[in-house]
Amino acid sequence: MIKPERLRKGDTVAIASLSYGMGGEDAFLPRYELGKRRLEEVFGLNVIVMPHALKGIEFLYENPQARAQDLMDAFKNPEIKGIICMIGGDDAIRLLPHVDFDVIRENPKIFMGFSDTTSNHFMMHKAGLVSFYGPCVLADFGENVTMYDYTVNQIKSVLFEPTDRLEIPPSSGWTSEFLDWANRDNDNTRRILTPDTKGYEILQGKGVARGKLIGGCVEVLPMIIGTDIWPTGKAWDDALLFLEIAEDYTPPEITTYILRGMAAQGILGRISGIIFGKPRAEKFYNEYKDVLTTAAKEAGRADMPILYNASFGHNSPICTLPYGITAEIDCDAKTLHLTEPAVL
């Protein structure tokens, strides 16, 4: 996998809207502007917005090729050192016919987002580029009042300050509180963090499991499976599969079906372990535990390490997980580490 150059203060990053176009709607422009300002003021970056990113929901839905053009143009531009996604959505997969993998491969740079951006991450993975399952402009950089320290520190540690070994601890608190972004009265309301007394839980397994990180949002995977960007064979050998649930409180049974499908492909037999994010608002918290251990047992992997309640995806604050980088679950110590730098 090709590692991109790390970010430095003064670097230029681009905001791209590759799925839902809400960032360009009048009601959400202040949220976009706040996220852009945080990239500039908190991280010292120069920020540009790609030409179609603010054209709104209807235009971006009707023109996936324009979204893909923004992505390709951002990769081609040598001045741009990173691409940050505006928000997720539900149809980033529609960019696939318009993506040139050679452009991505020949112009490596940081690419970050989560949720529906899972589809784009698998495009990066096919091109051989390390990408980053992490914060997006509206949901994280545009956080009410101030960004969470955990989110900020994780971004800086992974993207700006490469180290040979980096611990990714669980966040000490979490929130899934909904505050309407379109309601300006909420702008000065800080979301309440609930203390996380559970930390990482090891559902099964002993010792240390190592592997290259790969995964994303569970609900997006069915749109990817069977396409040209779905990895096959050796790509799953000894990998660490990270998964998280979207904001729709998907019934645990859906995850069961997806994991069974992955088992039928031989994937659960090849990976070295699973990292599972905290279910949004902790809904179905215990049910998802049962889903994971049952799927592992059905696949003949009752001893496979499973780390549960990780801080990424559809809760806040969140960490940043790099695709294709070696990570390590220590079941005895209940820790998660990156064991190599994710950037150059």
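Residues numbered from 1 in each chain as written. Predicted model: local features only at pLDDT ≥ 70, side-chain atom pairs only at ≥ 80, totals over all residues. Heavy atoms only, no water.

1. A few points about the pattern of salt bridges
What counts is decided by this rule: We count a salt bridge whenever a side-chain nitrogen from Lys or Arg sits within 4 Å of a carboxyl oxygen from Asp or Glu. Numbering of helices and strands runs from the N terminus; a helix is a DSSP stretch of H or I covering at least four residues, while a strand is a stretch of E covering at least two. In this scheme, a residue with accessible area under 20% of its type's maximum is buried, one over 50% is exposed, and one in between is partly exposed, where area comes from a 1.4 Å probe on protein chains only.
Taken as a whole, this structure holds 16 salt bridges when the rule is applied. A salt bridge links Glu-40 to Lys-36, with the shortest nitrogen-to-oxygen separation between them at 2.9 Å. Of this pair, Glu-40 and Lys-36 both sit in helix H1 (residues 29–41), four residues apart, which is roughly one turn of that helix. We classify Glu-40 as partly exposed; its relative accessible area is 28%. Relative accessible area serves as the criterion here: at 21%, Lys-36 is assigned to the partly exposed category. Taking the shortest distance from any N to any O, the salt bridge between Asp-237 and Arg-270 comes out at 2.5 Å. One end of the pair, Asp-237, is in the loop between helix H8 (221–224) and strand E11 (240–244); the other, Arg-270, is in helix H10 (residues 267–270), and 33 residues separate them in sequence. Looking at Arg-270, the relative accessible area reads 34%, which means it is partly exposed. What emerges from the salt-bridge pattern is a single network uniting Asp-196, Lys-198, Lys-278 and Glu-282.

2. Re the side chain of Asn-120
Condition: Here, two residues are considered to be in contact whenever any of their heavy atoms come within 4.5 Å of each other.
By secondary structure assignment, the location of Asn-120 is in helix H5 (residues 118–127). When sequence neighbours within four positions are dropped, the list of residues in contact with Asn-120 reads Leu-18, Ala-92, Leu-95 and Phe-111.

3. Observations regarding helix H3 (residues 64–76)
Quick reminder of the rule: Multiplying 1.5 Å by the residue count of a helix minus one yields the expected span of that helix.
End to end, H3 covers 18 Å across 13 residues, agreeing with the expected 18 Å (1.5 Å per residue, within 8%). Within H3 the residues assigned to the buried category are Pro-64, Ala-66, Arg-67, Ala-68, Asp-70, Leu-71, Met-72, Ala-74 and Phe-75. Among the structural elements, strand E1 (12–16), helix H2 (56–62), strand E3 (80–85), helix H4 (101–106), strand E4 (110–113) and H5 are those in contact with the buried residues of H3.

4. A closer look at the pairing of strand E10 (residues 208–217)
Going by this rule: Pairing between strands is defined by DSSP: at least two bridges between them are needed.
Buried residues dominate E10, accounting for seven of its ten residues. By the bridge criterion, five bridges tie E10 to strand E15 (residues 326–330) in an arrangement that is antiparallel. By the bridge assignment, Val-208 is partnered in E15 with Asp-330. Bridging between E10 and E11 involves five bridges; their strand directions are parallel. Note on E11: the bridge partner recorded for Cys-217 is Glu-244.

5. Topic: the packing of aromatic side chains
Quick reminder of the rule: In this scheme Phe, Tyr and Trp rings, the latter by its six-membered ring, pair at centre separations within 6.5 Å, and the angle between planes marks the pair as stacked below 30 degrees, edge-to-face above 60, and tilted otherwise.
By the definition in use, this model includes 15 aromatic pairs. Aromatic side chains Phe-43 and Phe-141 sit 5.7 Å apart centroid to centroid with 75° between the ring planes, which places their arrangement in the edge-to-face category. Remark: Phe-141 occurs in helix H6 (residues 137–141) and Phe-43 occurs in the loop between H1 and strand E2 (46–49); sequence separation between them is 98 residues. Just as Phe-43 is buried, Phe-141 falls in that class too. Between Phe-114 and Tyr-133 the ring centres are 6.3 Å apart and the planes differ by 70°, which places this aromatic pair in the edge-to-face class. Of this pair, Phe-114 sits in the loop between E4 and H5 while Tyr-133 sits in strand E5 (residues 132–133); the two residues are 19 residues apart in sequence, bridging distant segments of the chain. A relative accessible area of 8% means that Phe-114 is categorised as buried.

6. Focus on the packing of helix H9 (residues 252–264) against helix H11 (residues 285–298)
Heads up, the rule is: Only the stretch in contact is used when fitting a helix axis, every axis being a line fitted to C-alpha atoms; angles between N-to-C directions are given from 0 to 180 degrees. Roughly parallel covers angles under 35 degrees, roughly antiparallel covers those over 145, roughly perpendicular covers 65 to 115, and oblique covers all other angles. By the definition used in this description, the sense in which the near helix is turned from the far one sets the handedness, with an anticlockwise turn below a right angle giving left-handed and a clockwise turn giving right-handed. For this classification, the nonpolar set comprises Ala, Val, Leu, Ile, Met, Phe, Trp, Tyr, Cys and Pro, the charged set comprises Asp, Glu, Lys and Arg, and every other residue, Gly included, is treated as polar.
Between H9 and H11, the shortest axis-to-axis distance is 10 Å and the interhelical angle comes to 20°. It follows that H9 is roughly parallel to H11 by the angle criterion. Here H9 runs over H11; the crossing is right-handed. Contacts from Pro-252, Thr-255, Thr-256, Leu-259 and Arg-260 of H9 reach H11 at Glu-287, Tyr-288, Val-291, Leu-292, Ala-295 and Glu-298. Residue classes in the contact of H9 with H11 are distributed as six nonpolar, two polar and three charged.

7. Brief notes about the environment of Gly-35
Tracing the chain through its elements places Gly-35 in helix H1. A sequence separation of 102 residues divides Gly-35 from Val-137, and the C-alpha atoms of the two residues are 5.1 Å apart. Ignoring anything within four residues of it in the chain, the contact list for Gly-35 reads Val-137, Phe-141 and Gly-142.

8. Remarks on unusual backbone geometry
Omega for the bond connecting Ser-316 with Pro-317 falls within 30 degrees of zero, at -5°, which places this linkage in the cis form. For Pro-317, the location among the structural elements is in the loop between strand E13 (306–310) and strand E14 (321–322). The residue Val-145 is not glycine, and still its phi comes out positive at about 70°. Within the element layout of this structure, Val-145 appears in the loop between H6 and helix H7 (149–160). A positive phi angle, near 55°, is found at Tyr-249, a position not held by glycine. Assignment of secondary structure puts Tyr-249 in the loop between E11 and H9.

9. What about the sheet that holds E3?
Taken in spatial order, the six strands make up an open sheet running E2-E1-E3-E4-E5-E14, and their pairing is mixed. Edge strands, defined here as strands with exactly one partner in the open sheet, are E2 and E14. Inspection of the sheet shows E5 paired to E14 by two bridges, in the antiparallel sense. When the sheet's bridge partners are listed, Tyr-133 is paired in E14 with Leu-321. Its contacts with the sheet put H3 on E1, E3 and E4, and the angle it makes with E3 is roughly 155°.

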